[in-house]
Amino acid sequence: MTTFEQVPVFQCEFEDDRTGLSKETIKRALADNLFYIQGKVPATATPNDYYMALAYTVRDRMLQRWFKTTEVYTKKGVKVVSYLSAEFLLGPHLSNNLINLGIYDLVRQVVEESGLDFVQLREIEEEPGLGNGGLGRLAACYMDSLSTLEIPAIGYGIRYEFGIFDQEIRDGWQVEITDKWLHLGNPWEIPRLEETIEVKFGGRTEAYYDEKCRYRVRWIPDKVVKGVPYDTPISGYNVNTVNTLRLWKAEAPESFEFQAFNVGDYYGAVNRKVVSENITKVLYPNDELMKGKELRLEQQYFFVSCSLQDMIRLHLQKGESLETFHQSFAVQLNDTHPSIGVAELMRLLVDEYEIEWDQAWQITQNTFGYTNHTLLPEALEKWTLSLFKNLLPRHLQIIYEINQRFLGQVRAKYPNDSDRLARLSLIDESGEKYVRMANLASVGSHAINGVAALHTELLKRDVLGDFHELWPEKFSNKTNGVTPRRWIVVSNPLLANLITRKIGVDWISHLEDLKQLEAFIEDAEFRREWRQTKQDIKGYLATYIKENHGIEVNPESLFDVQVKRLHEYKRQHLNVLHIITLYKRIKDNPNIEITPRTFIFGGKAAPGYFMAKLIIKLINSVGDVVNNDPDVRDRLKVVFLPDYNVRFGQRVYPAADLSEQISTAGKEASGTGNMKFAMNGALTIGTLDGANIEIREEVGEENFFLFGLTTEQVYELKSKGYNPWDYYHNNPQLKQVIDLISSGFFSHGDTNLFRPLVDSLLYHDPYMLFADYQSYIDAQDQVNQAYRDQEHWTRMSILNAARMGKFSSDRAILEYCQEIWNAVPVKIELEEYIQGRA
Ligand code: NBX
């Protein structure tokens, strides 16, 4: 094995084309990559060839920094943060890397001077949709901040061949299309075939006594799968740090094929290969719902085992013994999806490296931190014992052992409390038996955190209440944040420029600096510019909607946006009830003065979630009626934009006037879209849920449209018996709206289409839309009033953006570093000659 000591990395100091950031070198590199990598000349090159050449040109410029980063981490033996996540919802790389390298404008110029259309090339990139929503996107924001803060870090996950499905809308219904994001190749990743790792599955275990007469267990698997790492560089903003995102692809080991081939079982061999490679084929598109699918547990174990083995290899390479593993790596579990890692690290330490149980357990607990992202009971991961035993027989034994020792401690502390034991146990024995992954993660970690203040409090009280009583010191809150690089600079260059002209560029890495904008609030010219910027961006979105979806929207109207996954708890249908209320007002009095609004929706529903899909159909059906009714006179427009993804998020957050954050209090762990909107100057209409509470605290209650029950009131009302029927009967406006849906008015007379939705509201209303309806309508009426006073609205908009410093993912990552990971920044210095070029 060669080391950095033996081979100087910077042998290419004579070949400046791949490191230089000057215009001339980039121009040459572009032509060079087109010819030598894509194998094309301009006469035959397609736009995709040019995009690829451009992407390689940018990646090349990260490589020196990437090597240097890895080299420094290795040499200095620093502590590395290892972020384990089944999802990384990265979004397009090109613009982000150009911004972080500080060469966006320069490269754009070069591309345009070469006679190419920069925007066209930029839009060719297929975004890696390797996540469902907030949780996956949070992981991507955190990777950006880790690099920007110069924290040694590695992200580990799964290289899904098919990411989150593409959504089409046909006849108002969602249709899922396979996401073939790799079909033209992925210029951002580098496979590291030589670092392939083997993962075992299934089979049985066998007890034996080793040469020192110690009782040991060996695992005899019935399947081995190879994990091939694909590395993507993650650049930091305005620093030399380039960290690694390492995603694992499953492949069948050759040895298995040959064995089968030799005995003549050709089909069986090929079939086993296909089955192995299935592990990383597709991202499960369910969020917030646990489905006990075996392949999903295989995915989880596969990437976690690859990652832990990889970390152990890196640790041992430093010449250290495994007793100090937790000093090399702080491993964060992004929800329970990677929580099998607790049992896997124990297995590796105890079975494979022969470390005593107690010491292995100490190392394990010191290594892991666990972030919870949900309170919804249906989302908590649990696996039946039979499934677990079939796939991971040794891990089940280890979990039993952990549980026995753990419950022993609990018994000592709380004698004769069998109910408590049953609740804390890693095994749910109330009916069919399950392994509870949140309990495994909690027991195996030294730190447990929620993702917003309210969420952490509820976690401590309810879902992990018994664990909190046992170990209060393990718990802390880490309110989510988002990266201002992607969510302001990349997505909203007009606003970024306006801000920078006023307060300089430091805000991009110190978001608290946005506070300085408040000094300009009385500056009428600044307010005019702010308003004009928003107006221009709304204009671009209007053009985009017209060109891509054929719908005309009025850029002067209030852009009221709700984009997020479709869920009953997120209450997109409450938004629809408001639309119908306004529509009714117009129908009853066509000349009524109303504030013109454009309602923009976007979001995917889990393919098997009937009610969420019906809500999409309802939005489109109401849109069809409202948009085509001459009485409305274009004062209301409803658009559902298909295939909401990171790229579209970048278009829509900057254009929003109003951000809809209307979940039932106590249900949304944090939300992060709420932050992206407000940073871009949208005002929020929202409940006291998740991070909304903290956003409101920061921006000031007078700059936030609050409505709805509090979490306490929701509990109270539920416990004394909530009856939606009463609200329906006592509120004539609500009754009219519901009756209009039931009557078939939005469904061509079909009274059955929306019946499941209406019946669910009338007879159950688990998310209490009816209880919050009037309060929501009243708050929306206040929005209308406020929007009429454009000067006042602009002030509120500026204050919202100016006070969002807290919600930078940089702040969140700093807290994790200081309070959970014990990780510190490591500066990456480049050799002078490279520095000079930069
Ligand atoms: O995580 C989300 C929460 O709902 C948000 O409130 C929060 O802001 C965000 C980041 O902390 N959870 C989420 O996105 N979950 C998933 O995407 C998910 C995916 C797969 C799965 C369960 C949940 N099996």
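Before any of the text, the structure's been laid out above.
Figured I'd write up the structure that's included with this text. On a predicted model such as this, the values are computed, not experimentally measured, just so you know.

Before going further, it helps to spend a moment on the sheet that holds strand β15 (residues 382-384). Read across the open sheet, the three strands follow the order β15-β17-β16; overall the sheet is antiparallel. Two strands close off the open sheet at either side, each with one partner strand: β15 and β16 (427-428).

As a structural note, the neighbourhood of the ligand is formed by 19 residues, with E288, H373, N480, E668 and G671 the closest of them. R296 is positioned with one of its side-chain polar atoms (N or O) 3.2 Å from a nitrogen atom of the ligand. When isolated, the ligand has an accessible area of 530 Å², and the protein chains bury 93% of it. Of all the elements, helix α6 (residues 134-148) adds the most residues to the shell around the ligand, at three residues. When the residues that make up the shell around the ligand are grouped by side-chain class, the tally is five nonpolar, nine polar and five charged. When residues of the shell around the ligand are assigned to domains, at least three map to each of domain 1 (76-91 + 127-479) and domain 2 (498-506 + 524-708 + 773-804).

Moving on, we get to the sheet that holds strand β25 (residues 705-706). Pairing is parallel across the open sheet formed by six strands, whose spatial order is β22-β21-β20-β23-β24-β25. Pairing within the sheet leaves two strands with one partner each, and these edge strands are β22 (636-640) and β25. Relative to strand β21 (residues 597-602), strand β20 (residues 558-563) runs parallel, the two being bridged by six bridges. Bridged to L558 within β21 is R597.

Further remarks concern the nonpolar core. Counting residues in hydrophobic clusters, the biggest one holds 115 residues, and the most contacted among them are F302, F388, I402, F406 and W821. Ranked by residue count, the leading element in this core is helix α9 (residues 294-317), at nine residues. In contact with F302, other than residues within four places in its own chain, are V199, F201, V225, K226, G227, W248, K249, A250, I279 and T280. The next biggest cluster of nonpolar side chains, apart from the first, holds 86 residues, and it includes L89, Y237, L498 and M679.

A separate point is the pattern of salt bridges. This model, assessed by the stated rule, comprises 74 salt bridges. For the salt bridge of R485 with D144, the shortest nitrogen-to-oxygen distance reads 2.9 Å. Here R485 is found in helix α19 (residues 484-490), whereas its partner D144 is found in helix α6, with 341 residues between them in sequence. Exposure remark for R485: the relative accessible area of 0% places this residue in the buried category. Note on D144: relative accessible area 5%, which makes it buried. Note that D781 and R585 form a salt bridge whose closest N and O atoms lie 3.1 Å from each other. With D781 in helix α31 (residues 769-788) and R585 in helix α22 (residues 572-588), the pair connects residues that are 196 residues apart, well separated along the chain. For D781, a relative accessible area of 25% gives the class partly exposed. Accessibility expressed as a relative area gives 22% for R585, which makes it partly exposed. If you follow the salt bridges from partner to partner, you end up with R192, E195, D231, R246, D310 and R313 in one network.

Cut-offs applied
- Residues numbered from 1 in each chain as written.
- Predicted model: local features only at pLDDT ≥ 70, side-chain atom pairs only at ≥ 80, totals over all residues.
- Heavy atoms only, no water.
- Pairing = 2+ DSSP bridges.
- Helix = DSSP H or I, 4+ residues; strand = E, 2+ residues; numbered from the N terminus.
- Near = heavy atom within 4 Å.
- Polar contact = N/O pair within 3.5 Å; in protein donor to acceptor, adjacent residues only side chain to side chain.
- Areas by Shrake-Rupley, 256 points an atom, 1.4 Å probe, with all protein chains shown as cover.
- Nonpolar A, V, L, I, M, F, W, Y, C, P; charged D, E, K, R; others polar.
- Domains from an automatic or database assignment.
- Core = buried A, V, L, I, M, F, W, Y, C linked by side-chain atoms within 4.5 Å.
- Buried < 20%, exposed > 50% of the residue type's maximum accessible area, 1.4 Å probe, protein only.
- Contact = heavy atoms within 4.5 Å.
- Salt bridge = Lys/Arg side-chain N within 4 Å of Asp/Glu carboxyl O.

Purely geometric stuff here, so don't read any function into it on its own.
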